[in-house]
Structures are given as C-alpha cells and as structure tokens.
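# Structural overview
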Amino acid sequence: MFLTISTSGAVERPATELGFLLHKHPDKAQQFSTSHGTAHVLYPEAGVERCTMALLLEVDPVALVRRGKDKGRGGAPDSALAQYVNDRPYAASSLLAVAIAGVFSSAVKGQCAARPELPGQSRPLRIEVPVLPARGGAALVERLFEPLGWTVTARPVALDERFPEWGDSRYVSLVLEGEHRLMDALRHLYVLLPVLDDAKHYWVTPDEVEKLLRAGEGWLEGHPEQRLITNRYLARRWSLTRDALDRLALARLAEADDTEAEELDNAVDEQEDTAERPLPLAVQRRQAILGVLRRSGAARVLDLGCGQGQLVGELLKDPRFTEIVGVDVSVRALKEASRRLRLDRMTERQAARVALLQGSLAYTDRRLAGYDAAVLSEVIEHLDLPRLPALEYAVFGAARPTTVVVTTPNVEYNVRWETLPAGHVRHGDHRFEWTREEFRAWAGQVAERHGYDVDFAPVGPDDPEVGPPTQMAVFHKNEKYDQSDKNHRNNQNHPDETTKEAKAA
Ligand code: SAH
C-alpha cells in the first residue's frame, strides 16, 4: 500500500522543508519495521520547487494472521484462504494509518527540533492514495475531506479495466489538495483512512477513544460527519462511540454559548435516530415502559422524576394516554422539559393532556393521588438510601396508582461497560446501584407492605452471567387488599409523619 505527500515551494520556503517536517532526510531511502511488515520512506523528487515523499508499506499477510492468532483475536473472520489472500498488501487501510502514526510520530505531534517554527506553518500539500478502500464510495470520501478544507478528487477504481461492464470496485483513487499544516494533514489521514476502510485490523479497546480525541483535536469537534467518523473509527462499539461523542460535545460546549448549545443538543437528538448502531439503552427503556403502560390499559399516567421529559413526549404521541403528569424536583429539568415539549406552542387540546409539576417524591403529595399508573424511571438511585422509605410511602402508600413501573441500573452489568472503571457507578449522582437480588428484595418488600403484586423484566441485552443493564419491576395494585384492608392501610403513616404525630400526641 502506498501514499505520497508532495509540496511546492520557492527559494525562501523550499519544498524540501518537507524532509524536516517529516524527520526523514530527502536524500535517503529508509526502512522501518512495523508490527505488520516493513515501511519504506523515500523521496521520488526533492527540489526547491517540488518535493514528494512516498510511504510504501509492505504488508506481510501471513504475519498479520499469525499476530491475530497469537493475540487470541482470531485474525480475519473470513474463510481460511481469505486470511492470506486479501487486499491488505495493496489497499490503504488502518494498517497504513498505524504506519503513519509510527513512522512520522514527531510530525503527527507537530514537533520539529531542528526547525521549531515549521510545524505551525501551513503549506500547499498534495496527497495521493492510489488505492483507497472506501465503504460509502467517492461521495463519502468527499463528505469526509471537503469540510476540512481539502479539494478532493476521488475516482472510483474499476473492478477490472478490461471489463468496464463489471462496474466499480470498492476502491477509489484519491487526490487531496489544500493549504494545511502537515501535522493536521497527517491527523486527518490517521483518522479517516480507517474510517473509510471500515474494517479495523485490530480489536478496538477504550484507549482508542483517547487516540481518536487526540488525533481529532481541533477538527473533529466541528466536523459535520462527526458521528459517522466516531462510530466507524471505534468499530461501531456504541458504548465507546457515545463516550467519545459526549466528550467531543463537551469540547464544543466549552466554547459555545447557550443557544448554540441548545442547537447542538437538538442536532444530537435528531441524529440519534439515524446512526448505525443498536438502539440506545434509554430508548429501549422508554419502549419497555410504554409497552407495560399500554398493556395495563392506563390512561392517566404520572412520570415521577420525569427529568427532561423524554418519556412525557413519547406518551403524548399516543392518544390512549389522556392525562400525563411529569413531576420532578429540579426546576431546571422541568424548564428543559417544557422547552423540549414545546408546551408554549401546543394546541389547547394537546396542552390540556399534559402538566409538569415541581415537587419532591420524598414527601406525600395530594396532587398525585388516583392515577392509573406511575413511572419511576432511573429515579430511585438518585435518592439517599435513608430517604427511600419516604418515596416508597409517597408513591405506594399515599398516591397508590394502579400500576407502578420502576427501573434502575443493574450494578452487576457494570463490568460490561467498557468505559466504566471497576467499582464505579454509572452516573455521578447515583447514590446506590443494586444487584438483581437487592432490587428484587426491595421491590418484594414494597409490594408486600402496600398490597401490590410485582413482576420483573430485563431491559437491554440480558447477559447470561450478569443480567441486563437495566432492571424493571412492574407493580400491580391488589384491589382486594385496598377494599378488605383499609384499616391496615390507613394506619400506615409516612415515616416522617410517624414521628411528627408521635410528638403531637
Ligand atoms: N426519568 C428520567 C430521568 C431520570 S434522572 C429518565 O428515565 O430519563 C432522575 C431524575 O429524578 C432527575 O431529573 C432528578 O431531578 C429527579 N429526582 C431526583 N430526586 C428526586 C426527588 N426526590 N423528587 C423528584 N424528583 C427527583
């Protein structure tokens, strides 16, 4: 596989400065051994007006397979023969990206001891990659490089030039031209070559997120294809992608003002529906909850700890839900919910179906009595454990909806999140996270104390060892209990009130 970088110059800024920038002398042909073969660096031309560096990577497909096996990673997933006979030696894939990072590591970092002023200067560059695998074709190549200021010529390579009727291969011949700092150009290639190849030769681990963010600094934050780039670069491991996107968004937010932040937020929301990946857990959770609510026949629903109102929004889309009340302790969350739901722009009829109330679930609230169903989605873990009995009483003792859906993280699953350090909870504000057994024990006691039946269901992939990422309990009120045991119920006081009443007495 093969790549050339050329620049032009004049006496005062000779093209041969490219040699300083790359830390490779133009008069020498040099070899470097990389983990997958030998990289050759040579200069077919080196003059004041024009200088071209060629990087040729001789890949050893046999070594590649062995390495894959040695590491227990199984090499190529294809047939046995395809492991040895493939495009690796010819096409500019992630191997070339790794070679760029290795052979030109100082240049990528923008270091040049001999001429420290050079890395910061842009110069006219022309990069040629004769055989570039491009999943997504020439059009995607343009969408990736043009926003970075490159003039892109991407010509599809015919499958076989003797038989034009066979059409194009998945390779393009690429020429990039533009005025750039060399380090930026190398970083663009380092990230985008494997993105276009879309088949990493190695297993992607969480430290790839760091590599991506480092190489993407200064250009990936604002790239219109940021999501595709991130997702493909991280081999579609969605948990890693989400981590990287969050951090890119933060990097942008640090500079953006509030309105821009809101637009960005909306854009991310919209993109959520189109990215190439499994449904995010939050979406799966909302779907599971909606399923339960529909099956229960509920029409009047409370969303307790509604946050920014995503579930309220979903409930509004279904006319069977005639009254939807979102409750949260956070005024900020409610403001955001109101903005997202566009409460101020709703028709009167729609607006009559929905209300957002501020209140704490740790206190009995008369406004919440008499509903068909209540949802506590990812809320209980935000309360300190000693406050949980207060919430239990407010919901199951006082409000007493017919159905209650509670979801909470399953802490056992945390070992499956690649980016979560061992022993950490998933969110800084989580006061606790429970195992499946702990959650079942709590829910069982709550049901018992307040006359409900309870069932459990997994949300997200149900791992045979550690269970699902989210656990869900569905409580149904036992009507007989309500009628036959009114006294028992009336005697159950709010844990705080017990002391108050005791004092009053
Ligand atoms: N239900 C939403 C939001 C979960 S985040 C979802 O599933 O995405 C937890 C929410 O609970 C936050 O919005 C937080 O403000 C709210 N919350 C935490 N303690 C609360 C309390 N004591 N009373 C009411 N809401 C509370």
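Attention here is on the structure that accompanies the text.

Rules behind the numbers
Residues numbered from 1 in each chain as written. Predicted model: local features only at pLDDT ≥ 70, side-chain atom pairs only at ≥ 80, totals over all residues. Heavy atoms only, no water. Pairing = 2+ DSSP bridges. Helix = DSSP H or I, 4+ residues; strand = E, 2+ residues; numbered from the N terminus. Axes fitted to C-alpha atoms, helices over the stretch in contact; angles between N-to-C directions. Near = heavy atom within 4 Å. Polar contact = N/O pair within 3.5 Å; in protein donor to acceptor, adjacent residues only side chain to side chain. Areas by Shrake-Rupley, 256 points an atom, 1.4 Å probe, with all protein chains shown as cover. Nonpolar A, V, L, I, M, F, W, Y, C, P; charged D, E, K, R; others polar. Buried < 20%, exposed > 50% of the residue type's maximum accessible area, 1.4 Å probe, protein only. 1 Å grid on protein atoms, 1.4 Å probe; cavity = no way out; pocket = protein on both sides within 12 Å on 5 of 7 lines; lining within 4 Å. Points joined across faces, edges and corners; volume = space filled by probe spheres on them. Phe/Tyr/Trp six-rings, centres within 6.5 Å; stacked < 30°, edge-to-face > 60°. Contact = heavy atoms within 4.5 Å. Salt bridge = Lys/Arg side-chain N within 4 Å of Asp/Glu carboxyl O. Parallel < 35°, antiparallel > 145°, perpendicular 65-115°, else oblique. Expected span 1.5 Å × (residues − 1). Right-handed = clockwise from strand over helix to strand, strands pointing away. Core = buried A, V, L, I, M, F, W, Y, C linked by side-chain atoms within 4.5 Å.

### Brief notes about the sheet that holds strand S9 (residues 323-328)
Read across the sheet, 7 strands follow the order S10-S9-S8-S11-S12-S14-S13 without closing on themselves; strand pairing throughout is mixed. Whereas interior strands pair on both sides, the edge strands pair on one side only; in this sheet they are strand S10 (354-358) and strand S13 (452-459). On average, each strand axis in the sheet is tilted by 15° relative to the strand beside it, whichever way the strands run. Bridging between strand S8 (residues 300-304) and strand S11 (residues 373-377) involves 3 bridges; their strand directions are parallel. What sits directly across from Asp303, in S11, is Val375.

### Focus: the site of the ligand
Neighbouring the ligand are 14 residues; Gly305, Gly307, Asp328, Leu361 and Ser377 lie closest to it. One nitrogen or oxygen atom from the main chain of Gly305 is found 2.7 Å from a nitrogen atom belonging to the ligand. With respect to the ligand, the backbone of Leu361 contributes an N or O atom lying 2.9 Å from a nitrogen atom. Burial of the ligand by the surrounding chains reaches 78%, relative to a free accessible area of 560 Å². Broken down by class, the residue content of the shell around the ligand amounts to 5 nonpolar, 7 polar and 2 charged.

### Structural notes on helix H8 (residues 226-233)
With 8 of 8 residues buried, H8 lies mostly within the body of the structure. Every buried residue of H8 is listed here: Gln226, Arg227, Leu228, Ile229, Thr230, Asn231, Arg232 and Tyr233. Trailing H8 by a residue or two, Ala235 shows a phi angle of about 55°, which is positive.

### Side note on empty space enclosed by the protein
A complete count under the given rule lists 2 cavities of 30 Å³ or more for this structure. In this structure, the largest cavity encloses a volume near 40 Å³. Considering the residues around the largest cavity, the lining is formed by Leu21, Ala107, Gly110, Gln111, Cys112, Pro119, Leu182 and Met183. Partitioning the lining of the largest cavity into residue classes produces 6 nonpolar, 2 polar and no charged.

### Notes on the packing of aromatic side chains
With the rule as written, the count across this model stands at 8 aromatic pairs. When the ring of Trp434 is compared with that of Phe439, the centres are 6.4 Å apart and the planes differ by 35°; the resulting orientation is tilted. The pair formed by Trp434 and Phe439 is uniform in burial state, with each residue classed as buried. On the numbers, 6.4 Å between centres and 85° between planes, the contact of Tyr452 with Phe475 is edge-to-face.

### Overview of the environment of Val129
Mapping Val129 onto the fold places it in strand S5 (residues 122-133). Distance from Val129 to Val172, taken between C-alpha atoms, is 8.5 Å for residues 43 residues apart in sequence.

### Examining the side chain of Thr408
Turning to its location among the elements, Thr408 is positioned in strand S12 (residues 403-409). Among the polar contacts listed, one links the side chain of Thr408 to the side chain of Glu381, at a separation of 2.8 Å. Not counting residues within four places of it along the chain, the set of residues in contact with Thr408 comprises Glu378, Ile380, Glu381, Phe439, Thr470 and Gln471.

### Considerations on the pattern of salt bridges
Where charged atoms of side chains with opposite charge meet at close range, the side chains can pair. One pass over the structure, following the stated rule, counts 23 salt bridges. For Arg50, the salt bridge identified is with Glu45, shortest N-O distance 3.0 Å. Given a relative accessible area of 36%, Arg50 falls into the partly exposed group. Among the ionic pairs, Glu336 bridges to Arg339, the shortest N-O distance being 2.8 Å. With a gap of 3 residues between them, Glu336 and Arg339 both fall in helix H13 (residues 331-341), about one helical turn apart. Here the salt bridges do not stand alone but share partners, grouping Arg13, Glu17, Arg115, Glu117 and Arg123 into one network.

### What to know about the packing of helix H6 (residues 182-197) against H8
The N-to-C vectors of H6 and H8 enclose an angle of 75°; their axes lie 9 Å apart at closest approach. Here H8 runs roughly perpendicular to H6, going by the angle between their axes. Judged by residue contacts, Tyr190, Val191, Leu192, Pro194, Val195 and Leu196 of H6 engage Leu228, Ile229, Arg232 and Tyr233 from H8. In terms of residue class, the contact of H6 with H8 is made up of 9 nonpolar, no polar and 1 charged.

### Let's talk about the sheet that holds strand S6 (residues 151-158)
In spatial order, the strands read S2-S3-S4-S1-S5-S7-S6; together these 7 strands make up an open sheet with antiparallel pairing. Strands at the two margins of the open sheet, each flanked by one partner only, are strand S2 (30-34) and S6. Sheet twist, expressed as the average angle between the axes of neighbouring strands with direction ignored, equals 15°. Judged from the 10 bridges that link them, S5 and strand S7 (residues 168-181) form a sheet pairing that is antiparallel. Bridging across to S7, Pro124 finds its partner in Glu179. Along the sheet, helix H3 (residues 94-103) makes contact with strand S1 (2-8), S2, strand S3 (37-46) and strand S4 (50-59), crossing S4 at roughly 120°.

### Some thoughts on helix H11 (residues 281-296)
In this model H11 runs 23 Å from its N-terminal to its C-terminal C-alpha over 16 residues, within 8% of the 22 Å that 1.5 Å per residue would give. Those residues of H11 lying buried are Leu281, Val283, Arg285, Ile289, Leu290, Gly291, Val292 and Leu293. Following H11 by one or two positions, Gly297 has its phi on the positive side, about 80°.

### Considerations on the pairing of S8
Among the 5 residues in S8, 4 count as buried, and that is most of the element. With respect to chirality, the unit in which S8 leads through helix H12 (residues 310-316) into the neighbouring parallel S9 is right-handed.

### Details of the side chain of Asp184
With respect to the helices and strands, Asp184 occurs in helix H6. Polar side-chain contacts of Asp184 include one of 2.8 Å to the side chain of Arg181.

### Overview of the nonpolar core
Formed by 67 residues in total, the largest nonpolar core has its most connected members in Phe104, Phe145 and Val191. By residue number, the principal contributor to this core is H6, which donates 10 residues. The contacts of Phe145, once residues within four sequence positions are left out, are Trp150, Val152, Leu174, Leu176, His188, Leu189, Leu192 and Leu196. Grouped together as the second largest cluster of nonpolar side chains are 30 residues, Val327, Leu361, Val379 and Ile380 included.

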